[in-house]
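Listed here are the chains, written in short residue letters.
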Amino acid sequence: MAARRPSEVVIFTYQVGFGDCFLLRFVYASMARHVLIDFGTMGLPKTAESGRMLRIANDIADKCGGKLDIVVATHRHADHISGFATKNGAASGDIIAALAKDAVVLQPWTEAPDLAVDAEGPLPDDHQGFAARRASLASMQGFAAELVAALAAKPPRGLSKAALDQLAFIGRDNIANLSAVENLMAMGKQRIYAYHGLAVDLRKVLPGIKLRVLGPPTLKQTETIRKQRAKDADEFWQLAPQRLAAEAALGTGSDELFPGHPFARATRLPMEARWFARRVEAAAGDQKLSLVRVLDKAMNNTSLILLFEARGKKLLFPGDAQIENWAFALAQPDIRALLAGVDLYKVGHHGSRNATPKTLWNGFANRGGQAKKGRMTALLSTMPGKHGNADEGVRSEVPRTTLLKALADDTHLHSTHTLAPDTLFEEVRIKLA
C-alpha cells in the first residue's frame, strides 16, 4: 500500500519572468508522476535568452521522462498559457502537447468550448452557444488589441506614460493567444472543466493524492465573480486606505496646480480653463485604461484554485484568483478549517495586493518565524516593475511590498525574482509523512 502513496513532492518553479510555470513531481517507491501547472510569460528577465520558453519545455521533457500526467491551465491570460502556443511542430507548445498526449487537462469551467455565451455554470442544456461565445470572447480581446495598438500609435495627451505602459501590458495579456488556446483544447486524452466543489477523482493518475477544487465558483453558486472591488481595507495588502486624490485617479502623477506653466502647446481656451481641460483629457485616457482592466480582472476571477492533499500535507495552487473568486470558498467554515493546515502556498497573482486575502493569510496555522515548527513554504513567480503602481495612494505594485515582507517573515519564501537571470528554475522538496 505504501508504494501507492508518494513519499515526496518536488516542485520546479521555472523562471519565466512575469508569469507562472510549475512542474510538480510526486515521487513513489517505483515511479514518479508529473503535473504541469501553467506555462506562460508576459515579460522575461532582460538578460534571458530569446529561446527561454523553448528551453524550459525541453527541460520539462527531460524531468518528466517524456510524459506529463496532468496539465493545468488555471486561466487563459497570456502570462499563464503563452508557452502552450505551437508553430510548425517546433515551438514550446508542440513539445508540451507531445508530452501530454495521454494526460488529463484541467481548466476552469469558463473554458468549456460548448458553453453558451450567457452560461452561468458548466454543462448547459443548450450546446449551440459555442459560436456566440467564441465571437464574444474574440470581440472583447479584439477590442483590447485594437485599443492598445491605437493608443500606442497616438497616445492621448492626458494619458501618463505609466498608465500607457499598464494599458499595453494588460491589453497584450488579454489578446487572444489562439494557438495556445486551441492546443489546450486538443491536448491529452481527458479534459476536465472544473469549478468549486467538483469531485475530481484522479486516484488512477495520482495514487494516494486527493485533489480539491476550491474555485472558481459558478455564477449559480455566487455572483461575486462578476464584479471587482477597487479596495478592501480588511483583505487587501495596503498600509492605509487608498487615497482618492484627483491627480492619482487621473494618472498625471503631479501635485502642482499648474504643472508645466506656461503651457507648451497652443490652445484657444482661455488661460483659466486650460488646467481643467488637461484633466478632462486625462480622465478620458484613464477611462480607456479602465475598459481594458475590466477584461483583465474578470479573467482572474475565473482562475482555478486547487488544493493537493497527500499523506497529511497540503499544497495550495490558486493561479491568479482574486478576492471575488476566493470569497465563496472563504465564506465556508469547513473550507477555512481545511486551508488552515496548508504546508505549501503558491502565492496568488504574482504577489498582487488582492490575491492573497487576509482572511486566507491570517488563517494559515503554519506561518510564523524561523523557529516555527512545520513552518510553511511559499512559492512566488513574479518580476517587479512590470505591473501596478507603487505610488502612495495607489499601492498596486506587483509584488506588493507589504505582502512580500509578510511572506519573507513568516514562510520559507522562494521567489523567482531573487534568482540570477540565467537560472532556469528553483527546486523545492517537500517530504510527505
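Residues numbered from 1 in each chain as written. Predicted model: local features only at pLDDT ≥ 70, side-chain atom pairs only at ≥ 80, totals over all residues. Heavy atoms only, no water.

Remarks on the confidence of the model for the chain
This is how the line gets drawn: For every residue, the predictor reports its confidence as pLDDT, a number between 0 and 100. Any two residues whose heavy atoms approach within 4.5 Å at even a single point are treated as in contact.
When the pLDDT values of the chain are averaged, the result is 80; 67% of them are 70 or greater. Note on residues 125–134: pLDDT under 50 across the span, and 19 contacts to partners over four residues away in sequence or across chains. Scored below 50 in pLDDT, residues 238–267 makes 50 contacts in the model with residues more than four places away or belonging to other chains.

Observations concerning helix H6 (residues 178–186)
Selection criterion: Partly exposed residues are those whose accessible area sits between 20% and 50% of the maximum for their type, while under 20% is buried and over 50% is exposed, using a 1.4 Å probe and protein chains only. Starting at the N terminus, helices and strands are each numbered in turn, a helix being any DSSP run of H or I of at least four residues and a strand any DSSP run of E of at least two. In this description, the arc belongs to the directions extending from the helix axis to the C-beta atoms.
Buried within H6 are the following residues: Ala180, Val181, Asn183 and Leu184. Buried residues of H6, seen end-on, are gathered within an arc of 165° and therefore sit on one face of the element. Those residues of H6 that are buried lie in contact with strand E4 (70–72), helix H2 (78–81), helix H3 (92–99), strand E5 (104–108) and strand E6 (190–194). Once H6 ends, the next one or two residues include Gly188, with phi positive near 75°.

A word on helix H9 (residues 323–330)
The buried count for H9 comes to six of eight residues, which makes it a mostly enclosed element. Within the sequence span of H9, burial applies to Ile323, Glu324, Asn325, Trp326, Ala329 and Leu330.

Concerning the sheet that holds strand E13 (residues 412–415)
Put simply, the test is: Two strands make a pair as long as DSSP finds a minimum of two bridges between them.
Strand order across the open sheet formed by seven strands is E7-E8-E9-E10-E11-E12-E13, with mixed pairing between neighbours. Edge positions in the sheet fall to strand E7 (199–200) and E13, since each of these pairs with one other strand and no more. Strand direction decides the pairing type here: strand E8 (residues 210–215) and strand E9 (residues 305–310), joined by five bridges, are antiparallel. Considered in E9, the bridge of Leu211 is made with Phe308.

Thoughts on the packing of helix H1 (residues 52–63) against H3
What counts, and what does not: Every angle, taken between N-to-C directions, lies between 0 and 180 degrees, and every axis is a line fitted to C-alpha atoms, over only the stretch in contact when it is a helix. We call two directions roughly parallel when the angle between them is under 35 degrees, roughly antiparallel when it is over 145, roughly perpendicular when it lies between 65 and 115, and oblique otherwise. The handedness criterion is simple: a crossing whose near helix is rotated anticlockwise from the far helix by less than a right angle is left-handed, and one whose near helix is rotated clockwise is right-handed.
Where H1 meets H3, the axes come as close as 8 Å, and the angle between the chain directions of the two elements is 15°. In terms of orientation, H1 and H3 fall into the roughly parallel class. The crossing of H1 and H3 is left-handed. Note on element contacts: H3 touches H1 through Ser92, Ile95, Ile96 and Leu99, opposite Met53, Leu54, Ala57, Asn58, Ile60 and Ala61.

Things to note about the pattern of salt bridges
To be explicit about the condition: Salt bridge, as used here: a side-chain nitrogen of Lys or Arg that lies within 4 Å of a carboxyl oxygen of Asp or Glu.
For the structure shown, the criterion picks out 16 salt bridges. A salt bridge links Lys431 to Glu8, with the nearest nitrogen and oxygen atoms 3.5 Å apart. Of this pair, Lys431 sits in strand E14 (residues 425–431) while Glu8 is found in strand E1 (residues 8–14), placing the two residues 423 residues apart along the sequence. The salt bridge involving Asp201 is made with Arg203; its shortest N-O contact spans 2.8 Å. Overlapping salt bridges, with partners in common, bring together Glu8, Glu427, Arg429 and Lys431 in one network.

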